[in-house]
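# Results of the structural survey
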Amino acid sequence: MRKAIVIGLDAGCLDNIMPWVKQGELPCLGQLLAGGVYSELRSIIPSFTAPAWTSLFTGKNPGKHGIFSFFKYKNHSYAREIVSAYDIQAKSIWEYLSECGKTSIIINVPLTHPARKMRGIVIPGFMAPDIPTCFPPNILQELAEAQINYQLYSNYEGKLVSPEKKVEGYIAVAETRKKATLYLAQKYDWDFLFVQFQETDPVFHQFGKSEHSLRLYRYVDKCVGELIAKLGSGVDVLIVSDHGIGKIKWRFCLNSWLRKEGLLKVKRGERKEISSDYARAKRYATTLSRIASCLSKIGVTSEEIFQIAIKLKLGFLRGLIPRQWLEQLPKKQIDWSKTKVYCPSASCWGIRINVEDREPAGIVEKGEEYQTLRQNVIEKLQRLRDPAGELVFDKVLPREEYYSGPLVNQALDIIFATRNTDYAISDIAMRQIFSPFGRSGHKRDGLFIASGPSIKNMGRINYKLDILDITPTVLHIFGLSIPTDMDGRVLAEIFEPDSEPAKRPVTYEDVEERHKIKGKIRKLKNSGKI
């Protein structure tokens with residue numbers, strides 16, 4: 001019986017892993033690299049958890065699955081809503097397998113909450129609540145009865161603790177992930193196993209490429225080794241990530257630039273009262289809160305408070321003030337009645353146009369004005385240079401030139417990717433357009449490693465693979481046809497010539513024909529003929 005395992009390392013990338021492997025710090029990943037095939041895995045735009053993992057496990061671009069960001073934007077509203085599994089408009093690997101009678105165990109994969117009914121087990125991952133809705137519903141209770149206290153997030157999440165404690169929290173979460181996977185995969189029959197380790201992303205955001213990050217990676221490497229040793233005998237294994245991570249040179253305040261270009265106007269928001277909960281915070285947080293509160297009373301916004309802190313070389317203080325308190329400071333608000341273009345979120349890598357009859361206070365007419373304005377903004381961004389004289393953007397495109405599919409109209413109007421992903425996009429309308437960043441942020445090139453009885457021992461591939469290729473490749477391993485509306489391809493070049501996946505031709509399923517057949521069957525059922 002053919003099996004396959006996919007292990008996800010969020011933000012994993014060769015630039016960070018390879019030096020540690022060469023130093024002997026990550027023996028399991030080193031063994032997989034030495035005995036299989038590997039390369040960079042080019043992520044989707046934007047290279048963030050929600051759209052990237054969804055693209056990976058559907059094999060389709062956001063224009064077909066509907067996840068463009070952590071948020072969704074509705075017509076006739078400026079409000080954003082967090083996306084969930086309800087918003088995914090495409091099938092996942094395990095849903096295709098389930099339809100063909102294959103059983104899957106899916107653990108901690110982002111954006112799988114609430115879990116959909118399928119053949120197997122789903123414990124949702126990132127973006128789910130602390131106690132997620134799983135399938136079957138009693139699976140967490142079963143783990144608890146087996147003395148596995150499953151954790152979705154670290155106990156130190158959002159708390160001001162030492163780096164050592166922070167990493168301990170991440171290790172504890174990774175341990176429960178490993179224990180749950182071993183317990184379920186050893187107790188139940190399965191064909192496909194997909195487990196994801198999310199902690200490899202936040203550790204880099206907080207500590208960069210440091211001993212703290214290495215400490216976590218050492219432990220995750222041991223987890224991967226134990227999973228493969230106990231579950232992976234005679235099984236093809238793929239190690240994948242949603243994107244990479246590395247040092248970012250500049251912060252680019254996009255809305256500030258749009259403001260400078262006369263395309264965005266702001267007005268001062270109202271101050272909110274600070275709740276008594278924060279008065280019980282630690283002494284430094286209370287002191288900082290009082291200072292900022294005094295400034296807010298004379299009309300200073302949260303953005304301006306932190307501009308002052310940065311100039312005084314006190315920018316680190318931002319991390320000491322609770323996020324909930326920051327949300328109560330007055331902020332500069334966009335004046336929609338005078339704004340034509342805006343960036344709604346730092347994680348969207350795009351721009352939205354304030355269109356009449358789509359936005360509540362839209363002022364840009366559809367048709368010629370929209371097209372002319374959009375092209376003008378694209379051309380200006382394509383020419384934009386940073387303070388060092390370097391071009392900022394690698395790509396700036398209308399949404400329909402990057403995405404394809406029936407859901408393209410849900411995307412932002414302009415899509416972009418910065419040069420070498422060296423710029424952290426900010427949606428804050430500060431006065432300073434560019435400022436040095438120097439911290440870790442997402443990069444477009446993630447990680448792909450494959451090893452197993454069907455996989456060639458060919459080392460590094462000298463070209464980048466695509467995140468959309470994972471789903472069709474896994475489907476082919478199981479002998480399934482690839483839907484014709486899938487964007488990725490089968491990575492046929494990674495298979496050993498004498499292996500079954502290599503000998504078997506890649507086949508495709510006409511999606512439109514399938515829909516027609518289903519429609520005919522539905523009509524026959526409704527008429528009572530079958």
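Residues numbered from 1 in each chain as written. Predicted model: local features only at pLDDT ≥ 70, side-chain atom pairs only at ≥ 80, totals over all residues. Heavy atoms only, no water.

### Considering the overall build of the protein
- Helix and strand content of the protein: 18 helices and 24 strands.
- The 530 residues of the protein split such that 56% are buried.
- For the protein, contacts bridging at least 24 residues in sequence account for 72% of all contacts bridging at least 6.
- Surface accessibility of the protein: about 23,900 Å² in total, with carbon and sulfur atoms responsible for 50%. (Helix = DSSP H or I, 4+ residues; strand = E, 2+ residues; numbered from the N terminus. Buried < 20%, exposed > 50% of the residue type's maximum accessible area, 1.4 Å probe, protein only. Contact = heavy atoms within 4.5 Å. Areas by Shrake-Rupley, 256 points an atom, 1.4 Å probe, with all protein chains shown as cover.)

### Things to note about the environment of Glu-40
- By the secondary structure assignment, Glu-40 is in strand β2 (residues 37-42).
- Judged by its relative accessible area of 15%, Glu-40 falls in the buried class.
- Each residue touching Glu-40, except ones within four places of it in the same chain, is listed here: Leu-14, Asp-445, Gly-446, Arg-460, Lys-464 and Leu-465.
- There is a polar contact of 2.4 Å between the side chain of Glu-40 and the side chain of Arg-460. (Polar contact = N/O pair within 3.5 Å; in protein donor to acceptor, adjacent residues only side chain to side chain.)

### What to know about the sheet that holds strand β17 (residues 423-426)
- Across the sheet, which stays open at both edges, the three strands sit in the order β17-β10-β18 with mixed pairing between neighbours. Bordering the open sheet on either side are β17 and β18 (434-436), each of which pairs with just one other strand. Across this sheet, the average inter-strand angle for adjacent strands is 25°, counted without regard to direction.
- In terms of strand pairing, strand β10 (residues 250-253) meets β17 through four bridges, oriented parallel. For Trp-250, the partnering residue across the bridge sits in β17 and is Tyr-423. (Pairing = 2+ DSSP bridges. Axes fitted to C-alpha atoms, helices over the stretch in contact; angles between N-to-C directions.)

### Some remarks on the environment of Gly-488
- Position of Gly-488 relative to the elements: it lies in the loop between β23 (482-483) and α17 (500-503).
- The buried category is assigned to Gly-488, whose relative accessible area is 13%.
- In sequence terms Gly-488 and Gly-59 are 429 residues apart; their C-alpha atoms lie 5.4 Å from each other.

### Details of the side chain of Asp-422
- Examined against the element boundaries, Asp-422 turns out to sit in the loop between β16 (414-418) and β17.
- Excluding its chain neighbours within four sequence positions, the residues that come into contact with Asp-422 are Lys-247, Ile-248, Lys-249, Trp-250 and Lys-443.

### Digging into the packing of helix α2 (residues 27-35) against helix α9 (residues 211-231)
- Direction vectors running N to C along α2 and α9 enclose 60°, while the axes themselves pass 7 Å from each other. Between α2 and α9, the angle falls in the class oblique. Within the contact between the two elements, α2 uses Pro-27, Cys-28, Leu-29 and Leu-32 and α9 uses Asp-221, Val-224, Gly-225 and Ile-228. (Parallel < 35°, antiparallel > 145°, perpendicular 65-115°, else oblique.)

### Brief notes about the sheet that holds strand β13 (residues 341-342)
- The strand order β13-β14-β16-β15 describes an open sheet built from four strands, whose pairing is antiparallel. Single-partner strands in this sheet number two, and they are β13 and β15 (393-398).

### With respect to helix α14 (residues 368-383)
- Between its terminal C-alpha atoms α14 stretches 23 Å, which fits the 22 Å expected from 16 residues at 1.5 Å a residue.
- Within the sequence span of α14, burial applies to Tyr-370, Leu-373, Arg-374, Val-377, Ile-378 and Leu-381. The arc enclosing the buried residues of α14, seen along the axis, measures out at 135°, which places them on a common side. In α14, the exposed positions angled more than 90 degrees off the buried face are occupied by Glu-368 and Arg-383.
- Packing partners of the buried residues in α14 comprise α10 (254-260), β13, β14 (350-353), β15, α15 (399-402) and β16. (Expected span 1.5 Å × (residues − 1). Arc of directions from axis to C-beta.)

### A few points about the pattern of salt bridges
- Scanning the entire structure with this criterion turns up 31 salt bridges.
- Residues Lys-230 and Glu-226 are paired through a salt bridge, measuring 2.9 Å at the closest nitrogen-oxygen approach. Of this pair, Lys-230 and Glu-226 both sit in helix α9, four residues apart, which is roughly one turn of that helix.
- The partly exposed category is assigned to Lys-230, whose relative accessible area is 49%.
- Judged by relative accessible area, which is 25%, Glu-226 ranks as partly exposed.
- We note a salt bridge from Glu-261 to Lys-260, for which the minimum N-O separation is 3.7 Å.
- Given a relative accessible area of 25%, Glu-261 falls into the partly exposed group.
- Each of Arg-352, Arg-358, Glu-359, Arg-399 and Asp-413 takes part in a single network of salt bridges with overlapping partners. (Salt bridge = Lys/Arg side-chain N within 4 Å of Asp/Glu carboxyl O.)

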